[in-house]
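Listed below are the residues making up each chain.
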Amino acid sequence: MTFVQLIECRTSRLDEMNRLMDDWVEQTKGKRTATHAVVGKDRSDASHIVEVVEFPSYEEAMRNSNLPETDHIFREMVALCDEMPTFTDLDVVRDEQLSTETVRRFFETLATAGDLPPLNDLLDEDIHSHDPINPQDTIGLDSARSEYRMWRGAFDFTFTVEDVIAQGDRVCARWTLNATHKGDFLGIPPTGKQVTMTGTTLFRFGDNGKIAETWWQHDQLGLMQQLGALDALER
């Protein structure tokens, strides 16, 4: 079970504390067991500092606390605080990464049968899409929808999302597309062939929680080969 430690203190020496944390990260490289740390400053009280540190488990957190470097840094941190820091130990009982769920819903929606939904609950109005299949970037929700309609008109397809990784305002998804070629695609008339294409897509999220930019990378050459578009070249 993931474990989180909440550390609260009051200090007017935040810059020095940040440098101290940098020293700790450097000194414990290869030893520390923390996987994620966030430091926040109270908007209504600039001296109130909150740090949230995530560990794979409580046992790993205790192992981290017992490092000699951690003890040394803690004593220096106390000296920078106006009062003794407080610690709250939390077992994580629910962990939702909303951006990764939005990405999964995006792929599900693209493959939905029938009319393409508006997508305005997922995509920003000014979305930018970078796709090597297009000579120019696609800009704007209407243009993005037109691009998706092109794919949907050419193929009946489903996505299998193999991996999703989130960091900051970006999410990266590795996916596999399984499709039936039913309509014209880049000048290739429908073949009825079953095709598979793998790829990755990097998503950037805007402040409104919607997808603001996408970068697509996919095995277009493999797709064209499966459609028979390269047969003449291979003879």
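All values derive from a computational prediction rather than experimental measurement.

Draft legend 1. Summary view of the nonpolar core. F106, F107, L123, F155, F185 and F203 are the most contacted members of the largest nonpolar core, which totals 36 residues. At the level of elements, α4 (98-110), β5 (123-130), α5 (141-154), β7 (155-167), β8 (170-181), β9 (194-205), β10 (211-218) and α6 (220-226) are the ones that each hand at least two residues to this core. Look past the residues within four positions of F106 in its chain and what remains in contact with it is L122, L123, Y148, F203, I211 and W216. Within the second largest apolar cluster, 15 residues are counted, among which are W24, A61, M77 and C81.

Draft legend 2. Region of the structure containing the layout of surface pockets. In this model, the largest pocket occupies a volume close to 530 Å³. Considering the residues around the largest pocket, the lining is formed by 24 residues, among which I7, M21, W24, E51 and V53 are closest to the centre. Where the lining of the largest pocket is concerned, the elements lending two or more residues are β1 (3-10), α1 (14-27), β2 (36-41), β3 (48-55), α2 (58-65) and α3 (68-80). Taken together, the residues of the lining of the largest pocket sort by class into 13 nonpolar, 7 polar and 4 charged. As a volume, the second largest pocket reaches approximately 280 Å³.

Draft legend 3. Broad picture of α1. For α1, which comprises 14 residues, the first-to-last C-alpha distance of 20 Å matches the rise-based estimate of 20 Å (1.5 Å per residue) to within 8%. Every buried residue of α1 is listed here: M17, L20, M21 and W24. Taken down its axis, α1 places every buried residue within 100° of arc, on the same side. Opposite the packed face of α1, turned more than 90 degrees from it, sit the exposed residues D15, R19, D22 and E26.

Draft legend 4. Broad picture of the sheet that holds strand β4 (residues 86-91). Overall, antiparallel pairing links the 4 strands, which are arranged β2-β3-β1-β4 in an open sheet. Sheet topology places β2 and β4 at the edges, where each strand pairs with a single neighbour. The mean angle between the axes of side-by-side strands here comes to 15°, regardless of whether they run parallel or antiparallel. Pairing analysis gives 6 bridges linking β2 to β3, with the strands arranged antiparallel. Within the sheet, the bridge partner assigned to V38 lies in β3 and is V52. On top of the sheet, α2 reaches β1, β3 and β4; it is set at about 120° to β3, its chief contact.

Draft legend 5. How the structure looks around the state of the cysteines. Enumeration over the complete set of coordinates arrives at 0 disulfides. Unpaired in terms of disulfides, C9 finds its nearest cysteine sulfur in C81, a separation of 3.6 Å.

Draft legend 6. Representation of the side chain of R145. Its location among the elements puts R145 in helix α5. Look at R145: it is buried, it has no salt bridge, and the nearest opposite charge is D142 at 5.0 Å. At 2.5 Å, the side chain of R145 and the backbone oxygen of P117 are in polar contact. Among all residues touching R145, those that are not within four sequence positions of it are L116, P117, P118 and L119.

Draft legend 7. View of the environment of D207. Examined against the element boundaries, D207 turns out to sit in the loop between β9 and β10. For D207 and T102, which are 105 residues apart along the polypeptide, the C-alpha to C-alpha distance reads 14 Å.

Draft legend 8. Main features of the pairing of β7. Alignment of β7 against β8, held across 12 bridges, turns out to be antiparallel. What sits directly across from I165, in β8, is C172. Where β7 folds back on β8, the antiparallel hairpin that results is connected by 2 residues, among which G168 adopts a positive phi of roughly 60°.

Draft legend 9. Geometry of the packing of aromatic side chains. In the structure shown here, the tally under the stated rule is 17 aromatic pairs. Between F107 and F203 the ring centres are 5.8 Å apart and the planes differ by 90°, which places this aromatic pair in the edge-to-face class. With F107 in helix α4 and F203 in strand β9, this residue pair connects regions lying 96 residues apart in the sequence. Residue class for F107 comes out buried when judged on its relative accessible area of 1%. Ring centres 5.0 Å apart and planes at 65° place the aromatic pair F155 and F185 in the edge-to-face group. One end of the pair, F155, is in strand β7; the other, F185, is in the loop between β8 and β9, and 30 residues separate them in sequence.

Rules and cut-offs
- Residues numbered from 1 in each chain as written.
- Predicted model: local features only at pLDDT ≥ 70, side-chain atom pairs only at ≥ 80, totals over all residues.
- Heavy atoms only, no water.
- Core = buried A, V, L, I, M, F, W, Y, C linked by side-chain atoms within 4.5 Å.
- Buried < 20%, exposed > 50% of the residue type's maximum accessible area, 1.4 Å probe, protein only.
- Helix = DSSP H or I, 4+ residues; strand = E, 2+ residues; numbered from the N terminus.
- Contact = heavy atoms within 4.5 Å.
- 1 Å grid on protein atoms, 1.4 Å probe; cavity = no way out; pocket = protein on both sides within 12 Å on 5 of 7 lines; lining within 4 Å.
- Points joined across faces, edges and corners; volume = space filled by probe spheres on them.
- Nonpolar A, V, L, I, M, F, W, Y, C, P; charged D, E, K, R; others polar.
- Expected span 1.5 Å × (residues − 1).
- Arc of directions from axis to C-beta.
- Pairing = 2+ DSSP bridges.
- Axes fitted to C-alpha atoms, helices over the stretch in contact; angles between N-to-C directions.
- Disulfide = S-S within 2.5 Å.
- Lys, Arg positive; Asp, Glu negative; His and termini not counted.
- Salt bridge = Lys/Arg side-chain N within 4 Å of Asp/Glu carboxyl O.
- Polar contact = N/O pair within 3.5 Å; in protein donor to acceptor, adjacent residues only side chain to side chain.
- Phe/Tyr/Trp six-rings, centres within 6.5 Å; stacked < 30°, edge-to-face > 60°.

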